[in-house]
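Coordinate analysis (summary)
Below are the chains, spelled out letter by letter.
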Amino acid sequence: MFDFIFKRTTAQTQATPNAPGAAAAGAAAAAAADSTSRRDEQAQRAAALAGDEAGAVALILQSEFAGVRLAAAEHVQSQAALEQVLAAMRNTDRRVAKLMQGRLDAIRYQQAELQKAQACLEQAQRLLKEEKLTPNQVAELDRQWAITSAVPAVAEPYAAARAALAARLEAQVALQRKIIDAMAVVRQLPDAGLPVDESEQTLARHAADLADYQQAPEHAALPHHLLSDYNQAIEQARAALAAAGRRAVAAAVAAVPGGASAGADADSTVASGATVPAADAPGATAADTSATAAADPSAAKAVGAEASPAATTAAPAPRKERPPKPQQSKEVEKKFLETLEAMEAALEQGSLHAAAEHDKWLKDHKIRLSQQQTDHLNHVRAELKRLADWARWSGNVSREELVKAVEELPVQGLSMSELAQKVGSMRERWKELDAVSGHAPKGLWEKFDAACTAAYAPAAAHFKHLAEERHANAAKAQALIDEIRAMADSAHDGADLKNVAAAVQRLRQVWGRLGAIDRKEKRKLDQAFDKALGQLQAPLSEQRKIEAAKREELIAEAGQLQPADRHTLDKLRRLQERWQELAKALPLERKIEQALWQRFRTVCDAIFAKRKETAHAADHERKAHLHAREDLCKSLETATFSGDDKAQLAAIAHTLRDAQTAWNGAGVVPRAAEARINERYQAAVAGVQAQADAIKRRAGAAQANALRDKLRLVQALEQSIAGQGEQLDADAWQARWTALPTLGGDYDKALQGRFAAGVTALEAGRESYTRQLEANRAKLLDEVLRLEIVAGVDSGAEFARERLKMQVEVLQSSLKSGQKPLSATAAYLQLCAMPALADDRTVSRIEQLLRRIGGSERA
C-alpha cells in the first residue's frame, strides 16, 4: 500500500512541471530578447552618428555593448572628447581605450611638432630682427628645422623667413667681398703706375665709398677690423701717393743745375733697397714721376712749382760724402733668401705663426736687395698681412661664439664637474686662438673673462663647499682617533672582548662613512687610525687566534665523519651548533670568519653530497624493487590456468606460493609507492584466489548435485523396497548407482552402505527392511527437525510446536551433558546414513538442508 502511494506521488511529481525553474527560464529568455533589441537599437544609433562627436561620446558612455562602443568610437576625434572617453573606458573596454590612446598620441605628437616648427619660425624671425647675423646661427636653425616634421601651416612662412635670412647672408658676403676687393685695389693703387690725378681720383672715390659701407644694412656683420683696415689702406695709399709726389719733385729738382746732390740723394735712397711696410707698398720711382710729368705738362708745372722751394733751400747746402757701406756677408744674404722662401712656404701651408717668425727675422737682418727681390718681399709681406687679417677676423668670430657659448653654460643644467671642465676647455680654446690668430681686443677679452667667471661661480662655490666638508671630515677623523686612543687607554684585562669586537666593527664602519678628506691628510689619518685601532684590539687579536684554532678543530672533526654512519647527521648537527655558539661568543674578523665558515660548509656539503649519493643509489634500488613487484603483480593479474579443476587448483596454489616468495625477496620499495603496490599485490592475489574459489565452488556444486542424486537414488530404492514407486531388479539399481559420479569421503561411504543394504534387502529380506524403514520414519522426522534447528532453517508453520519443543530438549540435553552438540555436517551425515521412508515434504526438507549445509561448507 505504501509502495503504491509512493510510486503514484513520484509519478505526479515527475508529470508536474517545475514552476520556479520554468519561471526563471522565461525570465532569462525575456532578458535575452530585451538585450538583443537594445543592442540592435544602439547599433543603429552608432551607424547614424555621421560625425556627431558629442552623440558618439554619449553613446560610448551609456552603452554596455563592446561592439557598439567600438563603432561609436570611430567618430571621436577632438582631444577633449578623446581624453573623456579614455578616462571612462580605461578599465572597461580595452579596444576603445587603445584606439583613444593612439589618437591622443598622434594629436600630441602633431602638437609637439607644431611647437617645434613654431619655435623654428620664431627663431628665424628673431634672427631677421637682429642687427648682426652670423652663418652659425642660420646653420643651427637649419639643423633644428631638419629634425622637425614638416607642418604645412608653418612651412610657408618659415620658407619666406629662411629666404630672407639667406638673402641677408648673401648681402653680407657680397658687401664683405666688395670691401675686400676695393681694399686690394687701394693697396695696389700706388704700384699701378697710373697718373697722379687719376690715382688721386680713384683714391677719393674709394674714400667716399667708405661712408656708404659704414651705412650699409649689413655693416654690423662685417669683421670689426675690416672697415678700419680699409680706412688704413686708404690712408697708406694716400701717404704713398704723396711720397711718390715728393720723390717726383726731388727728381725734377735734380734735373736743374744745383740739384745734383738732391738727385744723388734720391738715387741713393732708391738704390739702398731698404724695405718698407707691406701696407705702404711703395712702387713709384722718380723716373716714373718724371715720365708722368713729361706726358702731362700741367703736372710738370705743379711739380716744378712744388720743387722750386726745395731747390732754393737745397742749393746752398754743401754736399756730404757718404761713408763707405759695409760689405754684406754672403752667408747672411743666403740665409735671408732662404728665410724668405721658408716664409713663403709657410704662407702656402697656412702656418701664419711660422711665417710671422720668419718675417721678424727678416726685419732684424736687413740687406741690400734688388728691385725684383724688394717687390717679391713686399708681395709676401702683403700676403702675410692679408692672411693675418683674415685669421684675426675668423679668430674674433670664434671668440664671439666662445663668449656666447660661455654665457649659455649657466642655463644648461650641467653638473659642477662638467661645468668646471667646460669653462676650462673654453679658456684653453681662447689660448689656442691667441696663438693662431693673434691677441684679442681688450674689450672682447674682458667680456669673455667675465662670462667665464660668472659661469664658473656655482662650481667655485660647490668646490669651496667640498673643501670645507673635507676639512670637517678631517676634524671628525681626528676626533675618532682620539676616541679610539682613549678607549685603548681605559681598556683592561677583564674587558669583554665581544664588546671590544663590536666597538672595532662600529669604529671601522664610522671611519668608512666619514667622507672625502684631502689626500695628504687622509694618508696620515689612516696610519694614525690603524695604529690606534691596533692598540685597542691587541687582546682581541690574541683571543681570536684561539677561537680560530677551535674552529679549525671543528673542521677537522667534521672531516673525519663517515657519511654512511647512521649517527653522522646527529654529530654534524652538534658540530654546527658548537660553531654557532663560538660565533656568538666571539666573532672573528669578517674575512677570516667567512673563510673558515666556507671550509666548514664545504666539508658538511661533501658529507651531505655523499649521503645524497647513497640515498640516490638506495632510491634507484627501491625503484628496481618496485619494478620487480609491479612485474609480479602484472603476472598475477594476467595469470591463466588450464586443465581439470584439480590441476588448476594445484597450479593456482603453486603460483600463489611462488608469488609470495618472490614478493618477500623483492626488497623494500619507495615509501610513496609502498601502499599502492601493496594494494595492487593484494588485489592480484585476491583475483587468483577468486579463480581458485570459483573452481572450488564449481566442484562443490558438482559434489552437492552428486550427493543429491545419490540420496534420491537411495530414497527411490527404499521406496521400491516398500512396494512404492518404480520396481526394478538389483542389477538395474546397481547400474544406476554406478552411473552416478563418485563422491568420495564420508558421504559416499554412508550412502554406499545404505544403498548396499537396500540392494541386499531387495534380493532377500524385503519385509524386515520395510519394517525398519517404517520404524525409522518418525526418527527421520525428528532428526530433520533437529538438523533444521542446528542449521537455522525454517521448518514451516505446521512444525512450529514440535520445533519449539525440540529446541528446549536440545538445550536441556546440552546443559546436562556439558558437551557441544553435533555440527550440522555431522548431523547431516548421520541423516544421510539413516535408512527410512520419507514423504515428499520430508524429501524437500532434506534437500533444503543439503543446499544450506553444502553451501556453508563451500563458503
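Thresholds, definitions, all that
Residues numbered from 1 in each chain as written. Predicted model: local features only at pLDDT ≥ 70, side-chain atom pairs only at ≥ 80, totals over all residues. Heavy atoms only, no water. Helix = DSSP H or I, 4+ residues; strand = E, 2+ residues; numbered from the N terminus. Buried < 20%, exposed > 50% of the residue type's maximum accessible area, 1.4 Å probe, protein only. Contact = heavy atoms within 4.5 Å. Areas by Shrake-Rupley, 256 points an atom, 1.4 Å probe, with all protein chains shown as cover. Core = buried A, V, L, I, M, F, W, Y, C linked by side-chain atoms within 4.5 Å. Expected span 1.5 Å × (residues − 1). Arc of directions from axis to C-beta. Phe/Tyr/Trp six-rings, centres within 6.5 Å; stacked < 30°, edge-to-face > 60°. Salt bridge = Lys/Arg side-chain N within 4 Å of Asp/Glu carboxyl O. Polar contact = N/O pair within 3.5 Å; in protein donor to acceptor, adjacent residues only side chain to side chain. pLDDT = per-residue confidence, 0-100. Axes fitted to C-alpha atoms, helices over the stretch in contact; angles between N-to-C directions. Parallel < 35°, antiparallel > 145°, perpendicular 65-115°, else oblique. Nonpolar A, V, L, I, M, F, W, Y, C, P; charged D, E, K, R; others polar.

Structural notes on the overall build of the protein
- Across its full length, the protein holds 31 helices and zero strands.
- With 859 residues in all, the protein has 32% of them scored as buried.
- Counting only contacts in the protein whose residues sit at least 6 apart along the sequence, the fraction spanning at least 24 positions is 74%.
- For the protein, the exposed surface amounts to about 51700 Å²; the carbon and sulfur share of it is 56%.

Some details on the nonpolar core
- Judged by nonpolar contacts, the single largest core of 38 residues is most densely connected at L751, F755, L780, L787, Y828, L831 and L849.
- If you list the elements that add at least two residues to this core, you get α25 (671-721), α26 (730-739), α27 (746-763), α28 (766-791), α30 (824-833) and α31 (840-858).
- By residue number, the principal contributor to this core is α25, which donates seven residues.
- For L831, the contacting residues outside a window of four places in its chain are R754, L780, E783, V784, L787, I846 and L849.

Quick notes on helix α14 (residues 330-349)
- Helix length check: α14 (20 residues) gives 29 Å between terminal C-alpha atoms against 28 Å at 1.5 Å per residue, within 8%.
- When we look at burial in α14, the residues that qualify are F336, T339, L340, M343, A346 and L347. Taken around the axis of α14, the buried residues stretch over an arc of 125°, which confines them to a single face. Exposed positions of α14 whose direction lies more than 90 degrees from the buried face are K330, E331, K334, E341, E348 and Q349.
- Trailing α14 by a residue or two, G350 shows a phi angle of about 80°, which is positive.

Describing the packing of aromatic side chains
- Applying the stated rule across the entire model yields 12 aromatic pairs.
- Ring geometry for W430 and F448: centres 4.3 Å apart, planes at 10°, overall stacked. Of this pair, W430 sits in helix α17 (residues 416-437) while F448 sits in helix α18 (residues 442-490); the two residues are 18 residues apart in sequence, bridging distant segments of the chain. The same class applies to W430 and to F448, which are both buried.
- Between W445 and F448, the aromatic rings sit 6.1 Å apart at their centres with planes inclined by 40°, giving tilted as the arrangement. Placement of both W445 and F448 in helix α18 is noted, with a separation of three residues, approximately one turn of the helix.

Regarding helix α24 (residues 645-665)
- With 21 residues, α24 ought to run about 30 Å at 1.5 Å a step, and its terminal C-alpha atoms sit 30 Å apart, in line with that.
- Among the residues making up α24, those that are buried are Q648, I652, L656, A659 and W663. Buried residues along α24 cover an arc of 70° about the axis, so they all sit on one side. Set apart from the buried face of α24 by more than 90 degrees, the exposed residues are K646, T661, N664 and G665.
- Once α24 finishes, G667 follows within two positions and takes phi at roughly 90°, a positive value.

Points about the environment of E235
- Mapped onto the fold, E235 is located in helix α10 (residues 226-255).
- E235 sits in the partly exposed class, given a relative accessible area of 44%.
- Here the alpha-carbon distance between E235 and L203, two residues 32 residues apart in the chain, equals 9.4 Å.

Here we look at the pattern of salt bridges
- All told, the structure shown has 30 salt bridges when counted by the stated rule.
- One salt bridge connects E432 with R429, and the closest N-O pair in it is separated by 3.6 Å. Remark: R429 and E432 occur in helix α17; sequence separation between them is three residues, near one turn of the helix.
- For E432, a relative accessible area of 45% gives the class partly exposed.
- Each of E547, K550, R551 and E593 takes part in salt bridges that share partners, so that together they form one network.

Details of the side chain of R168
- Inspection of the secondary structure assignment puts R168 in helix α8 (residues 152-188).
- Side-chain polar atoms of R168 contact the backbone oxygen of L127, separated by 3.2 Å.
- In this structure the side chain of R168 is engaged in a polar contact, spanning 2.9 Å, whose partner is the backbone oxygen of L128.
- Leave out the neighbours within four places in its chain, and R168 touches L127, L128, E130, E131, K132, L133 and E218.

What to know about the confidence of the model for the protein
- Confidence in the prediction for the protein averages 77 pLDDT; 85% of positions are at 70 or higher.
- Low pLDDT (under 50) marks residues 1-21, which in the prediction has zero contacts with non-local residues, meaning those over four places away or in another chain.
- Contacts of residues 258-327 to residues separated by more than four positions or lying in other chains number 54 contacts, the stretch itself having pLDDT below 50.

A closer look at the packing of helix α22 (residues 568-585) against helix α23 (residues 590-637)
- It is the contact of α22 with α23, at a shortest axis distance of 12 Å, that shows an interaxial angle of 170°. Between α22 and α23, the angle falls in the class roughly antiparallel. Taking contact as the criterion, the partners of T568, L569, L572, L575, Q576, W579, Q580 and A583 in α22 are, on α23, E593, L596, W597, F600, C604, I607, F608 and R611.
- Residues belonging to the contact of α22 with α23 are distributed by class as follows: 11 nonpolar, three polar and two charged.

What about the environment of R680?
- Mapped onto the fold, R680 is located in helix α25.
- Given the relative accessible area of 27%, R680 is considered partly exposed.
- Expressed as a C-alpha distance, the spacing of R680 and E630, which sit 50 residues apart in the sequence, is 8.4 Å.
- Discounting chain neighbours no more than four positions away, the residues touching R680 are E630, C633, K634 and E637.

So, unusual backbone geometry
- A positive phi is found at A50, a non-glycine position, where the angle reads about 55°.
- Of note, A50 is situated in the loop between α2 (19-47) and α3 (53-62).
- The exposure class of A50 is exposed, given its relative accessible area of 71%.

Structural notes on the environment of S490
- Take S490: it is sitting in helix α18.
- By relative accessible area, S490 is classed as exposed at 54%.
- Distance in space between the C-alpha atoms of S490 and L536 is 9.6 Å, their sequence separation being 46 residues.

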